[in-house]
Amino acid sequence: MGFSAASARRLWRAVVGGALACLAATASLPSLAEKPLRIGAPLALSGGLAEEGKKQQVAYQLWLERIQAQGGIMIGGAKVPVELVTYDYQSDEKRAQQLAERLITQDRVDFMTAPFGSGHAKVVAGVAERYGVPVIAVASSEPVHNQGYKHLFGTLAPSVGLIDTMIEYFTAQRPGTGTIAVLGRDDVFPKVMATTMSRQAAKAGLKVVYDTLYPVGTMDFSAALTAIKAARPDWIYVTGYTSDLILARKQMADLGVDAPILTMVTGPAYPEFVDGLGPLAENVTSATWWHASQTYSSDDVFGGTQAFAQAVRDRTGKDPDYVHASSAAALVVLQKAVEAAGTRDRAKVRDALAGLDVMTFYGPVKFREDGMNMNRELPIIQIHDGNPVVLFPVPAQASALRLSAK
């Protein structure tokens, strides 16, 4: 049975119409260049690390606004829009791991950043490694970077760099410094900073007269502080997160515990430390990875340290600290790696990150084989008249060391 002429015409119109519809649908789909580049970012916006998580959020938003204003990231000759996909992991390590899985498998992000805090960064990096997703962290602890991960990179220099700098500087400024007491929180980053100080101080010839870790959640430091007072050290060195350090400093004052040099890592780097302590913050020293008084110039979206610092002040009403800066730098270096690779291909971007050697508003970034940023002269700071001032390095020096006790 054959087709009539009318049936043939109807069939032809249907075939042609379908083909045109398919072409139109295909034309309406976004090209690879137009498809947004997606960056996943688990953030601690509530819970114990909320202060740091909110600083990361501010830094990311400032970077994203500037990227959007210039039309996206240049990839292979075309500007590609960028999306940040964020979730609050509530300062919970298990939830951070779950959300990292979700970002990769459901949200289909191209790349990731890790949350603040070495322990949480470590679990997120482990998930990203399984999927071959490059992740930029804000973690200085070797136990995060010594896992053999090939896709993990971090903007912070190694912790040992901060410690060696402090030992060299303080012993030079006060030649009689011969003993040190070390009290550290038993948690990834603070523990590394405490145990590394004990080891490096002994190597430098200092006598470690007290060396103890306190459990997470400690509210009463009196036993440890009483023992430290009895040891009469030249230098007291305490590690922990801001709330720990504020509490420990108040209890030191109550018990009359002091030393010529008092260091808390990394409390004085945060405005919250001074806000929480008032006059008790005076003369407390620390070291940090970045300070707003530095004067790096760069070709990134911020253009230099001072411009970035002012952007944070305009947004928050406060001076930025190293959490703001290292977090924004994470996205700056990811952008530079994507542009250098000319593609969003993860393997090629990973290789571009490994070979990166750039100057940013945050300072120089060049990754070691383990993904950590190379050592450089890191700032030593002290609270003077309610503000953190730079003691070292000399080009950025704003004041001389003040002894906490004679």
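Read on for an overview of the structure. Here the residue numbering is sequential within each chain, running from 1 through the sequence in written order. Thresholds applied to this predicted model are a pLDDT of at least 70 for local features of residues and 80 or more for the giving and counting of side-chain atom pairs; totals over whole chains, interfaces and linings are not thresholded and use all residues. No hydrogens and no water enter the side-chain calculation; it runs on all heavy atoms of the structure.

### A few points about the environment of L225
No. 1: Following the sequence through the fold, L225 ends up in helix α8 (residues 222-231).
No. 2: In this structure, the C-alpha to C-alpha distance between L225 and V257, residues 32 residues apart in sequence, is 6.8 Å.
No. 3: Contacts are assigned to residue pairs with any non-hydrogen atoms lying within 4.5 Å of each other. Sequence-distant contacts of L225, defined by excluding residues within four places in its chain, comprise L183, A248, Q251, M252, L255 and V257. By the criteria applied, helices consist of DSSP H or I runs no shorter than four residues and strands consist of E runs no shorter than two, each listed in order from the N terminus.

### Observations concerning helix α4 (residues 118-131)
Owing to its 3.6 residues per turn, the α-helix aligns residues three or four sequence positions apart on the same side.
No. 1: In this model α4 runs 20 Å from its N-terminal to its C-terminal C-alpha over 14 residues, within 8% of the 20 Å that 1.5 Å per residue would give.
No. 2: Think of it in three bands: residues with accessible area under 20% of the maximum for their type are buried, residues over 50% are exposed, and the middle band is partly exposed, with areas taken using a 1.4 Å probe on protein chains only. The buried fraction of α4 is high, at 10 of 14 residues.
No. 3: All of the buried residues along α4 are S118, G119, H120, A121, V123, V124, A125, G126, V127 and A128.
No. 4: Where α4 ends, the next residue or the one after it, G132, has phi of about 70 degrees, a positive value. Take the number of residues in a helix, subtract one, and multiply by 1.5 Å to get its expected span.

### Section: the environment of V338
No. 1: As for its position among the elements, V338 is in helix α12 (residues 322-341).
No. 2: Expressed as a C-alpha distance, the spacing of V338 and P134, which sit 204 residues apart in the sequence, is 11 Å.

### Comments concerning the nonpolar core
No. 1: In this structure, W63, M166, M197, W235 and Y237 are the most contacted members of the largest nonpolar core, which totals 108 residues.
No. 2: Top element by residues in this core is α12. It accounts for 12 residues.
No. 3: Apart from residues no more than four positions distant in its own chain, W235 is found in contact with M166, I167, F170, T177, T179, I180, A181, M197, L206, A259, I261 and T263.
No. 4: Counting 24 residues, the second-largest nonpolar core is a separate cluster that includes L183, I246, M252 and V284. Nonpolar cores are built from buried Ala, Val, Leu, Ile, Met, Phe, Trp, Tyr and Cys residues. Side-chain atoms within 4.5 Å join them into one set.

### Some points on the packing of aromatic side chains
No. 1: Two rings from Phe, Tyr or Trp (for Trp, the six-membered ring) form a pair when their centres are within 6.5 Å of each other. A pair whose planes differ by under 30 degrees is stacked, one over 60 is edge-to-face, and the rest are tilted. One pass over the structure, following the stated rule, counts 14 aromatic pairs.
No. 2: Plain terms: the ring middles of W289 and Y322 are 4.9 Å apart, the flat faces sit at 45 degrees to each other, and that makes the pair tilted. Of this pair, W289 sits in the loop between β12 (285-287) and α11 (305-316) while Y322 sits in helix α12, and the two are 33 residues apart along the sequence. Here W289 and Y322 have matching classes, each one buried.
No. 3: An aromatic cluster of at least three residues, connected via ring pairs, comprises Y169, F170, W235, Y237 and F392.

### What about the side chain of D300?
No. 1: Mapping D300 onto the fold places it in the loop between β12 and α11.
No. 2: Within the local environment of D300, its side chain forms a polar contact with the side chain of S298, the two groups lying 2.9 Å apart.
No. 3: Under this definition, polar contacts are N or O atom pairs within 3.5 Å; protein pairs additionally need one hydrogen-donor-capable and one acceptor-capable atom, and for neighbouring residues in sequence, both atoms have to be side-chain atoms. Among the polar contacts made by the side chain of D300, one reaches the main-chain amide nitrogen of F361 at a distance of 2.8 Å.

### Section: empty space enclosed by the protein
No. 1: A cavity here means a set of points on a 1 Å grid, drawn over the protein atoms and nothing else, where a 1.4 Å probe fits but cannot get out; a pocket is an open set with protein on both sides within 12 Å along at least five of seven lines, and a residue lines either one if it has an atom within 4 Å of a point. Grid points are joined across faces, edges and corners, and a volume is the space filled by probe spheres set on the points. The tally for this structure, following the rule as stated, stands at 2 cavities of 30 Å³ or more.
No. 2: Approximately 60 Å³ is the volume attributed to the largest cavity.
No. 3: Of the residues contributing to the lining of the largest cavity, the split by class is 8 nonpolar, 3 polar and no charged.
No. 4: Size it by volume and the second largest cavity reaches roughly 40 Å³.
No. 5: As for the second largest cavity, its lining consists of F116, F189, G240, Y241, T242, V265, T266, G267, Y270 and Y322.
No. 6: Ten residue types, Ala, Val, Leu, Ile, Met, Phe, Trp, Tyr, Cys and Pro, are classed as nonpolar, four, Asp, Glu, Lys and Arg, as charged, and the remainder, Gly among them, as polar. Considered class by class, the residues forming the lining of the second largest cavity number 6 nonpolar, 4 polar and no charged.

### Describing the pattern of salt bridges
Side chains bearing opposite charge may pair, as long as their charged atoms lie close to each other.
No. 1: Each reported salt bridge corresponds to a side-chain nitrogen of Lys or Arg within 4 Å of a carboxyl oxygen of Asp or Glu. Enumeration according to the criterion identifies 16 salt bridges in this entry.
No. 2: Of the charged contacts, one joins K191 and D186 as a salt bridge, the two residues approaching to 3.7 Å between their closest N and O atoms.
No. 3: Look at D186 and you get partly exposed, because its relative accessible area is 39%.
No. 4: Here D385 makes a salt bridge to R402, at a shortest N to O gap of 3.7 Å. Of this pair, D385 sits in the loop between β15 (380-384) and β16 (387-392) while R402 sits in the segment after β16, and the two are 17 residues apart along the sequence.

### Quick notes on the sheet that holds strand β5 (residues 111-113)
No. 1: Paired strands, in this sense, are two strands between which DSSP finds at least two bridges. Strand order in this open sheet of 5 strands is β4-β1-β5-β6-β7, and the pairing throughout is parallel. Both outer strands of the open sheet, β4 (82-88) and β7 (152-154), are each paired with one neighbouring strand and no more. When strand polarity is set aside, the average angle formed by the axes of neighbouring strands in this sheet is 25 degrees.
No. 2: When strand β1 (residues 37-43) meets β4, the two strands line up parallel, connected through 7 bridges. Within β4, the residue paired with G40 across the bridge is V85.
No. 3: Only C-alpha atoms enter the line fits that serve as axes; for helices the fit covers just the stretch in contact. Angles between N-to-C directions range over 0 to 180 degrees. Packed onto the sheet, α4 meets β1, β5, β6 (135-137) and β7 and runs at close to 165 degrees relative to β6.

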